[in-house]
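One-letter residues, chain by chain:
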Amino acid sequence: MANSEYEYVKREFELDSLLPPSNWIVVRIDGCHFHRILFVRFSKIHTFEKPNDERALRLMNACATSMLEKFPDIVFAYGVSDEYSFVFREETEFYQRRESKILSLCVSYFTSVYVMKWKDFFPNKELKEPPYFDGRVVCYPNLKTIRDYLAWRQVDCHINNQYNTCFWSLVKSGKTEKEAQQALKGTFSKDKNELLSQQFQINYDDEPAIFRKGSCVYRDKVETMVKTDRCGNPIKRTRLVITNANVDIIGPEFWENHPYILREEKCRYENVMKFDINHRLPPCNWTVVRIDICKFEQFSLIHSFDKPNDEAALRLMNASASLMMESFPDIVFGYGFSNEYSFVFQDKTELYQRQESLILSSCTSRFTLFYMMKWKDFFPNKDLVEPPHFEAELLCYPKQKILCDYLSSRQAECHTTNQYSTCFWMLVKSGKSENEAREILKGTLSKDKNELLFQQFHLNYNNEPAVFRKGSCTYRQKVEESADAEGRENTTRERWDVIVAHADMGTEFWRKHPYILRKLDLLG
């Protein structure tokens, strides 16, 4: 996009939100975008045991373990129920501390691993409804507050689990859910312990620690034998091994025994909430969420995608984008090519009250989920070898013209990238090495590449499939269909279908489709 007339959309609007230095970064991931009613629905559909399903908790722990394996800068994780908090080391430079990249990548990878590992913990149970997650990033300025944050989450675990243990014991004894709620209303911790002991002969302290204390995932120092000396005596070395434990992290004992994770600080957890700030998008701005497959070259190589373009992979991206528009009515337009997709939300959207982290993480998680769900439709004979994960960023444009220029800039990038890739892979397939192909194309202009393709390979670039050259536009289009009505014939009704087209996004396109970016709610 260098030196193009559209370059200003990147220079002036794509400003990275960098997290403050010397702060501990916490990414907290929750199931079903903070609406507990949806998590209850998900657990009910999949018949999770009440008040706790150990398999579901161990699945979450396995996902957390994969996160620490994937991202070395995560030094500690704490999870309970459908949430997990990941603590990045204080001086991390992961993605240059860019908030949108860190958040989207974490929530996408967690979603991907959750789906892939589902069968390991529920071998006889199919996923009947898509799980997806949202998240937020919170910064804590010192060791004291990060310890307080973790203590706060464990206190919350205890309070919720004690209540749920009482609640479901009452329900299983014959009470209705409303009666159980009424019986527990206004009770304190000691009252709940007495209720469990007297009515159900349950000592709450004997309940499994995974339920009462939640789960900690961290790297523990373990001595392992690496070899033996000449006399046969073992030679040991200390290794850091990822460990899962269900222990108390409110008091000092755990931290005293593991000083290399976090330094010892006096634990207090009051006033932690003041650090949990929600960033809201400016009103009346067009919001764009741009999603990219992370390390796409490696992913495409592992899964043997065709070069320069794999049509099945592009159609999979388009199918995922169509499901995004069905899932989020506020998305009015999508544009994608190669490994990226941009989703445009209507300027007056109030999705998640315009909270940046919730919009970004929910979109990334949902797109990841759809991509995985649809994989077999487009690659029936090819298994997912590595979990796909996506990174995303959120952009705001105050005027419709600037938004259209942004979309034009992405289509210009599509043309430039695809024309180069077409030339590059044609040269490679003709016998040139990759270095030779790069050298041949160095400094060439668009017309030079067209001439190269025509003269050497008898290929007219303009006759290449439009999906490769122009990318894909996803939007809703009005469809009229005949409908039988009592007492009337040939009646019609309207509906809005999501379609995918491969067109130039110039002035003529928007003139033909004025309703796409119209500021009226056409679907209302």
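The model shown is predicted, which means the values in this text are computed figures rather than measured ones.

About the cut-offs
Residues numbered from 1 in each chain as written. Predicted model: local features only at pLDDT ≥ 70, side-chain atom pairs only at ≥ 80, totals over all residues. Heavy atoms only, no water. Helix = DSSP H or I, 4+ residues; strand = E, 2+ residues; numbered from the N terminus. Buried < 20%, exposed > 50% of the residue type's maximum accessible area, 1.4 Å probe, protein only. Areas by Shrake-Rupley, 256 points an atom, 1.4 Å probe, with all protein chains shown as cover. Lys, Arg positive; Asp, Glu negative; His and termini not counted. Charge placed at Lys NZ, Arg CZ, Asp CG, Glu CD. Phe/Tyr/Trp six-rings, centres within 6.5 Å; stacked < 30°, edge-to-face > 60°. Domains from an automatic or database assignment. Contact = heavy atoms within 4.5 Å. Buried area = accessible area lost by both parts, 1.4 Å probe. Salt bridge = Lys/Arg side-chain N within 4 Å of Asp/Glu carboxyl O. Polar contact = N/O pair within 3.5 Å; in protein donor to acceptor, adjacent residues only side chain to side chain.

> Lay out the overall build of the protein chain in plain terms, naming residues and giving numbers.
The helix and strand inventory of the protein chain stands at 17 helices and twelve strands. Counting only C-alpha atoms and orienting by the principal axes, one finds that the protein chain spans roughly 90 × 85 × 45 Å. Going through the 524 residues of the protein chain one by one, you find that 50% of them count as buried. When the accessible surface of the protein chain is summed, it comes to about 26400 Å², and 49% of that surface belongs to carbon and sulfur atoms. Distance between charge centres in the protein chain, computed from 72 positive and 74 negative side chains, equals 1 Å.

> Quick one: what's the story with the packing of aromatic side chains, residue by residue and with numbers?
How two aromatic rings sit relative to each other is given by the distance of their centres and the angle of their planes. Taken as a whole and judged by the stated rule, the model has 46 aromatic pairs. Aromatic pair Tyr 140 and Tyr 149: ring centres 5.1 Å apart, planes at 40 degrees, arrangement tilted. Each member of the pair, Tyr 140 as well as Tyr 149, carries the same accessibility label: buried. For the ring pair Tyr 163 and Phe 167, a centre distance of 6.2 Å and an interplane angle of 15 degrees mean the geometry is stacked. Taken together, the residues Tyr 163 and Phe 167, both in helix H5 (residues 143–172) and four residues apart, mark about one turn of the helix. Phe 167 gets classed as buried once you look at its relative accessible area, which sits at 6%. Grouping aromatic residues by their ring pairs yields a cluster made of Phe 296, Phe 299, Phe 305, Tyr 341, Phe 343, Phe 367, Tyr 371, Trp 375, Phe 379 and Phe 390.

> How would you summarise the domain arrangement of the protein chain if you had to cite specific residues and measurements?
How big an interface is tends to be reported as the loss of accessible area on association of its parts. Looking at the assigned domains, one finds that the protein chain contains domain 1 (17–217) and domain 2 (287–424 + 466–474). The C-alpha centroid of domain 2 is placed 30 Å from the C-alpha centroid of domain 1. In this complex, domain 1 contributes 25 residues to the contact, which on the side of domain 2 involves 24 residues. Where domain 1 abuts domain 2, roughly 2200 Å² becomes buried across the two surfaces, and 64% of that area is made up of carbon and sulfur atoms. Of all residues in domain 1, the largest losses of buried area upon contact with domain 2 belong to Ser 108, Met 116 and Tyr 132, amounting jointly to 20% of the total for that side. There are one salt bridge connecting domain 1 and domain 2. Counting across the domain 1 and domain 2 interface gives ten residue pairs in polar contact (both at pLDDT 80 or more).

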